[in-house]
Every structure is written in C-alpha cells, then in structure tokens.
Amino acid sequence: MIPDKAPGEEVLHASGDLKKQAHIPSFEKYKELYIRSVESPEEFWGDVAKDFFWKTKYTGKFLDYNFDVTKGEIFVKCMEGATTNICYNVLDRNVHERKLGDKMAFYWEGNEPGDEKTVTYRELLQQVCKFANTMSSCVKKGDRVSIYMPMVVELVVAMLACARIGAVHSIVFAGFSAESLCERIMDSQCCILITADGFYRGNKLISLKLIADEVPWNPEVDLCWHSLFGGASEECEPVWCDSEDPLFILYTSGSTGKPKGVLHTVSGYMLYTAATFKMVFDYHSDDVYWCTADIGWITGHSYITYGPLANGATSVLFEGLPTYPDVSRMWEIVDKYHVSKFYTAPTAIRLLMKYGSEPVQKYKRTSLKILGTVGEPINPEAWQWYYSVVGEKRCPVVDTFWQTETGGHVMTPLPAATPMKPGSATFPFFGVVPAILNESGEELEGPSEGYLVFKQPWPGVMRTVYGNHERFETIYFKKFPGYYVTGDGCRRDKDGYYWITGRIDDMLNVSGHLLSTAEVESALVEHEAVAEAAVVGRPHPVKGESLYCFVTLNDGINYNQKLEAELKKQVREKIGAIATPDYIQNAPGLPKTRSGKIMRRVLRKIACNEQDLGDVSTLADSSVIEQLFENRCCTTV
C-alpha cells in the first residue's frame, strides 16, 4: 500500500535545511514509523502518551474496536481505564512542568488592524480556571454546553473551561442562524448557552445576542460574562475524566438533511491532535503558527485549540477576513507576527489568486517555512500559486485530508519526508490504513479509483453520533461492513499517491464547509410558493462548489426577482449565510425516473451546461430537459 520509496520524478522535495531538524526527516523514516504504527499501535501511541499526564493508567487493550456491523455493535475504545484531563494537559502541564507560563499562547488579531492583544499560557490558565469556577455552580460533569461566539480569546477560554470540569462543549459556528442554533441546542440537550453581544466580520455587524435571543430561554437566567468572571477564583481543580468520556459534540451536515452530532472523546482525540499537529506542521518551540479557520469548525477545534496548545505552541488567533480592509491583510499579519507555519483553505487561496501576486509581494514573508491547506481538495493551479508566489518555492505544502469525523489529519504529506505532487493528499498518517473499494465492496489494488474507506481506527476517530448510534452505524459502516466509509471518492496513481476526488453522496463542499443538499431543499420547500426543489453543486472558481437550486413553483405563482430574494432569505434564515444559493432556476418540471426519483446527475450536467447527459432512458419525461437548458442561470444572480 505504501511504496518502498517515494518517486523522484515529477514531484517537489523539501529543502535540506528543513530536513536537518525535522521530526520525520525522510520518506524511509516515515515508512519505518508507519509500519510500526499499524502493526504495533500500542507501542507507537504509547510513546506519544508519555508526553502527557495520566491520573491512572489504562487497563485493557490500547485500542479495541469493531468495524463490522455483521459481528455486532460498532465501537472504538482507546486506553480504556485511564483517567486524565485534557485541559490540565494543555495548560497546567505547560505552565508548571514545562515552565512555559510566560510563553505566548495566542496573539489575538482583531477584525480591525490595530485591534490586538496577547495571552500567555499562565494568563490563559488563570482565565480558564476563573470561568470553570463560574460555570461549576450550574454545570456538572457530562452536561452539554452550547457555545456561539466569534473568534475571540474568550471562545478558547469557554471550551477549555468546559473540558476542565468534564462538561461537553458543543460549539456552533457564529455564521449559523437562530434556527440552526436552536436545532443543535435541542438535539444535544444543552443546559446553558455562552454567546457574545456581537462582532464585525469585515464591515458587517453580526448581532449574535439578538440571534441567540430568538432561541427560547429562561430570561431570568441571562447573565453577563464579566460580572460573573470578576470575582471568581483563579484556582480550579480539574475533574479527572475516563479516556472514553465525551469531550465535545460538533454538528456536521448529514446527507439526510438533519445535522448529526459527531462525538469525540478525551484521550484518543488528545493524542491524535497533538501528534498530527507536531508531525504534519513539523512544529518546533520557536515556531509561530497560524491557522485561519474558525473554531466553530473541526479545524479550529483540532488545529487552533487542542493540537497547538498540547504542544505548547504560540498561535495567531484571527477574527477578521482575508480581504479586509484590503487583500494584503493575511501577508501583513504573517510579517507582523513572524508566522512560520501557515494553514488555510483552498477557498481563500483561490480568492486571493484573483488579485495576482502584487498584494502578496508587498510583504516579505521570509518567516514562512511550511504552508498547509484544509477543507477540500486543492486544484493544482491554486497549489502552484500558493507554493510559488506565497511560499516562493521554498515552503513545502501539506495538503491535508480529514473530516469532522476523523478528528485530525488522516491523509497528508509530512513536510520534510514526502515528495509533493500538486493536488495530492499523498499518503496516510500514522495508524491510518486506507483502501479503495469498488461499488461491490472489493478492494482495488494499484492504480484505481473508487470509494475511500479505512480498515481500522486511529485514536482520534469519532465514537458515535450523539443520541443516535444506529445512525452512526448506518452512515459510516453499513455500506461496506468491516470498513469506515468516508463518503469521499479517491484515486490512487501509479506511484501509490492518493488523490481525493470529492463527495460521493448528496453533499456539497462550499468554501470548505460541508452542506447537505437535502437540508437546503428542505428550507426552499418551506416557502409557500415552492412545490418542489432540487439542489446540486456547480463548480465555482473561489468556493470550489456553489449552490445551484432548481425550484418548481405551485400553480399560479410566477417566478420573479422578488420571489428569488425571498427564497435566498429563507435559506439564509433557516441554515445560515454560508448556505445562501448562488443560483436559483425556475424549473417547471424536474427530471425524474419512472419511480419518481429526481435524477440529480442530470441536473448537475444542466447546471454546468454539459450537453452530454449520458443514459437518460429511465427518465419518465425527457421533454423537461430542453426546457431546463433554456432556463439555465448563466451568471450569479
């Protein structure tokens, strides 16, 4: 599965200087450690675990699991019997044992240039203890806490305070609507909500408290952070948690429309985020690291909060946008804080590519050593621009593939060890065993394309869908018993490199965020004018995919710009701004099979103006095709 040697042709290699100090300095070393991680996971991960504090040691198998639904319930257990506290490990251990109290944990950069502050590890620990004490009067171990906040230090404080007292945080991205927030609060049965008055994103004010007030709460329990925080003690004993106690729930869109609460647990997630952060970004103590993601997504959980803090890293925490107040903002920040490891999304790269190299070259960027991408497969053109213009052909690009469900990177280059191919996620991380299956569930060898699956767990994989284990088994394990099914397609080339080809199910990847077509369709048909809706993805030069919606109206309703604006508003309010349709097409009829199933394959072709529709012999009425082509949206409306 992993070639003995990585190819030397048609690939890009890291510099000798990077290799000299790298944790994994060569492909041969990667291969050696990879075999060890798969064949002797207890030994491999046991070495990682030595860096952490354990109140009690584990008693059974290091990693116990069942991936085969035909053999019983699906489960994964890591270090069962051990007790620890992740907040203690990322803060107390760094302050007291590693003597990093005065080291900067975060440089906070606000939306407006000049709006900034810093927080050391000691200050962060004090703030977390104070807020944990504030919460402990009404929140106990195992309770769920909803957090709906902008990218401020207090968001990190809130999530770590939850972890300190054994509560389970459920962070909702601050771009979601009141209805989406309410749905997540109700599903996870949260006992409190932590939010903010509001914040600016660019020049737009987001009034979070007003949105949160649309969720039905007891108005008598509406308390101000600062009044509670002020008198609290800076000392708070951590609550010791079992390895498999829940750490957080994070909702991700499901292909059935209802968001699913992905549940991660304490010890395995801690080990995996710490190890992936250290090795994938080749982290060293003098690095300044910047991940541009929002903490409301899994990237922010794993690679802004838990992974970097577990390694005692200094990070930039950014509230704003890459184009505000101008398109050089990111490179200004890189120079300001001497960022050495930079992690962003292909969406941002494609957006900035449009403005050319001049806004990038206004700043030196000499501190940069490693570049990373996350959220979706990156097209080779964007990869080359990122590598050549931003990194000046001296910074390796780690093109990471992973999911909310995987907890951390599962397919990724290692910067000094893996020869890069632009657009390829290259090879699996330690402990991860990928396979490519055909529709019949047969493993394909050599160069091939099919379903990407994994054959065994790694410590950080999700444990269940909160409150619905049956759904967890159905989505990820029933299609191909014995495998974890990612829902993504994959191609393996002649050199053994893996290339992610995108979602196979009815999901869209818009600006690196997964959206369910069913969820958007449901929001559209709630409008009284809409009889039926179908949503597909259309390639977008910046966002990767855009939402292209077909709507069939009720009899007597005319399609016009006013209705279109109402439909966009409806989706925005039901789901959030990220789900706002780019295109809405009036569709008097939809292409359906004789059994009544909408042929989305055909709709995708129409959205992209591709005339070759393939086999349409199963269509009940082929006459709708011509009309749909005539009504196509040619430009963003």
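Remember, it's a predicted structure, so these values are computed and weren't measured experimentally.

> Hey, could you run me through helix H2 (residues 27–39) in this one?
Residue pairs three or four apart in sequence face the same way in an α-helix, which turns once every 3.6 residues. Here H2 spans 18 Å end to end across 13 residues, near enough to the 18 Å set by a 1.5 Å rise per residue. Those residues of H2 that sit buried are Phe 27, Tyr 30, Lys 31, Leu 33, Tyr 34 and Ser 37. For H2, the secondary structure elements touched by its buried residues are helix H3 (41–49) and strand E19 (434–437).

> Before we go on, may I ask you to explain the UniProt feature "domain: Acetyl-coenzyme A synthetase N-terminal" (unreviewed entry) in the protein chain in this structure?
In the numbering used here, UniProt assigns the feature "domain: Acetyl-coenzyme A synthetase N-terminal" (unreviewed entry) to residues 30–90. Counted over residues 30–90, helix gives 39% and strand 16%. Its end C-alpha atoms are 27 Å apart.

> So what exactly am I meant to see when it comes to the environment of Asn 468 here?
Within the secondary structure, Asn 468 sits in the loop between strand E21 (464–465) and helix H16 (469–476). When the C-alpha atoms of Asn 468 and Gly 261 are compared, they prove to be 8.8 Å apart, with 207 residues separating the residues in sequence. Here Arg 471 takes part through its backbone nitrogen, which lies 3.0 Å from a polar atom of the side chain of Asn 468.

> What is the right way to read the pairing of strand E4 (residues 104–109) from this model?
Every regular strand shows the same layout, with side chains that alternate between the two sheet faces. Within E4, five of the six residues are buried, which leaves it mostly tucked inside the rest of the structure. Direction of pairing for E4 relative to strand E5 (residues 116–120): antiparallel, over a ladder of five bridges. Pairing of Glu 109 across the sheet is with Glu 116, part of E5. Counting the residues between successive antiparallel strands, the hairpin from E4 to E5 contains six residues, one of them, Gly 114, with a positive phi of roughly 95°. Sheet topology note: the E4/strand E15 (residues 314–318) ladder contains four bridges and is parallel.

> Sorry if this is basic, but what is going on with the state of the cysteines here?
Note on terminology: a disulfide is the covalent bond linking the sulfur atoms of two cysteines. Considering all chains together, one arrives at zero disulfides under this definition. For Cys 549, which is in no disulfide, the shortest distance to another cysteine sulfur is to Cys 633 and amounts to 9.1 Å.

> Teacher, can you tell me more about the domain arrangement of the protein chain here?
Size of an interface: often given as the accessible area lost when the parts come together. What the domain assignment lists for the protein chain is domain 1 (85–262 + 279–321) and domain 2 (511–631). A separation of 37 Å is found between the C-alpha centroids of domain 1 and domain 2. Taken together, the contact pairs 14 residues of domain 1 with 13 residues of domain 2. By the criterion of area lost to domain 2, the three top residues of domain 1 are Glu 179, Ser 253 and Trp 297, representing 40% of everything that side buries. The tally of links from domain 1 across to domain 2 stands at one salt bridge. The residue Lys 574 makes a salt bridge to Glu 179 at a minimum N-O spacing of 3.0 Å. Applying the counting rule to domain 1 against domain 2 returns six residue pairs in polar contact (both at pLDDT 80 or more). By residue class, the composition of the side of domain 1 that touches domain 2 is four nonpolar, nine polar and one charged.

> What is the right way to read the sheet that holds strand E23 (residues 498–503) from this model?
Strand pairing in a sheet relies on backbone hydrogen bonds, with the paired strands running either antiparallel or parallel. Pairing is antiparallel across the open sheet formed by four strands, whose spatial order is E19-E20-E22-E23. Taken across any chain shown, the strands that pair with only one partner, and hence form the sheet edges, are E19 and E23. For this sheet, the mean angle separating the axes of adjacent strands, direction not counted, is 45°. Where E19 lies against strand E20 (residues 448–454), four bridges are found, and the strand directions are antiparallel. Considered in E20, the bridge of Ala 435 is made with Val 453.

> Help me understand the packing of aromatic side chains in this model?
Two numbers describe a pair of aromatic rings. These are the distance of the centres and the angle of the planes. What the rule picks out here adds up to 46 aromatic pairs. It is Lys 77 that lies over the ring of Phe 75; its NZ or CZ is 5.5 Å from the centre. Over the ring of Tyr 583 we find Arg 538; its NZ or CZ atom is 4.4 Å from the centre of that ring.

> Got a minute to help me understand the pattern of salt bridges in this structure?
Where charged atoms from two side chains of opposite charge approach closely, those side chains can pair. Tallying each qualifying case throughout the model produces 36 salt bridges. Put simply, Lys 336 and Glu 116 hold a salt bridge, and the shortest N to O gap is 2.4 Å. Of the two residues, Lys 336 is situated in helix H12 (residues 329–337) and Glu 116 in strand E5; the sequence distance between them amounts to 220 residues. Judged by relative accessible area, which is 33%, Lys 336 ranks as partly exposed. Since its relative accessible area comes to 43%, Glu 116 is described here as partly exposed.

> What should I look at first to understand the packing of H3 against helix H10 (residues 266–280) in this one?
Running from N to C, H3 and H10 cross one another at 85°; their axes reach a closest spacing of 10 Å. One finds that H3 runs roughly perpendicular with respect to H10. Residue-level contacts link Phe 44, Trp 45, Val 48 and Ala 49 of H3 to Leu 271, Tyr 272, Ala 275 and Met 279 of H10. Class assignment of the residues belonging to the contact of H3 with H10 gives a composition of eight nonpolar, no polar and no charged.

What counts, and where the lines are drawn
Residues numbered from 1 in each chain as written. Predicted model: local features only at pLDDT ≥ 70, side-chain atom pairs only at ≥ 80, totals over all residues. Heavy atoms only, no water. Helix = DSSP H or I, 4+ residues; strand = E, 2+ residues; numbered from the N terminus. Expected span 1.5 Å × (residues − 1). Buried < 20%, exposed > 50% of the residue type's maximum accessible area, 1.4 Å probe, protein only. Contact = heavy atoms within 4.5 Å. UniProt positions renumbered as here; feature names shortened; annotations may be inferred. Polar contact = N/O pair within 3.5 Å; in protein donor to acceptor, adjacent residues only side chain to side chain. Pairing = 2+ DSSP bridges. Disulfide = S-S within 2.5 Å. Domains from an automatic or database assignment. Buried area = accessible area lost by both parts, 1.4 Å probe. Salt bridge = Lys/Arg side-chain N within 4 Å of Asp/Glu carboxyl O. Nonpolar A, V, L, I, M, F, W, Y, C, P; charged D, E, K, R; others polar. Axes fitted to C-alpha atoms, helices over the stretch in contact; angles between N-to-C directions. Phe/Tyr/Trp six-rings, centres within 6.5 Å; stacked < 30°, edge-to-face > 60°. Lys NZ or Arg CZ within 6 Å of the ring centre and 35° of its normal. Parallel < 35°, antiparallel > 145°, perpendicular 65-115°, else oblique.

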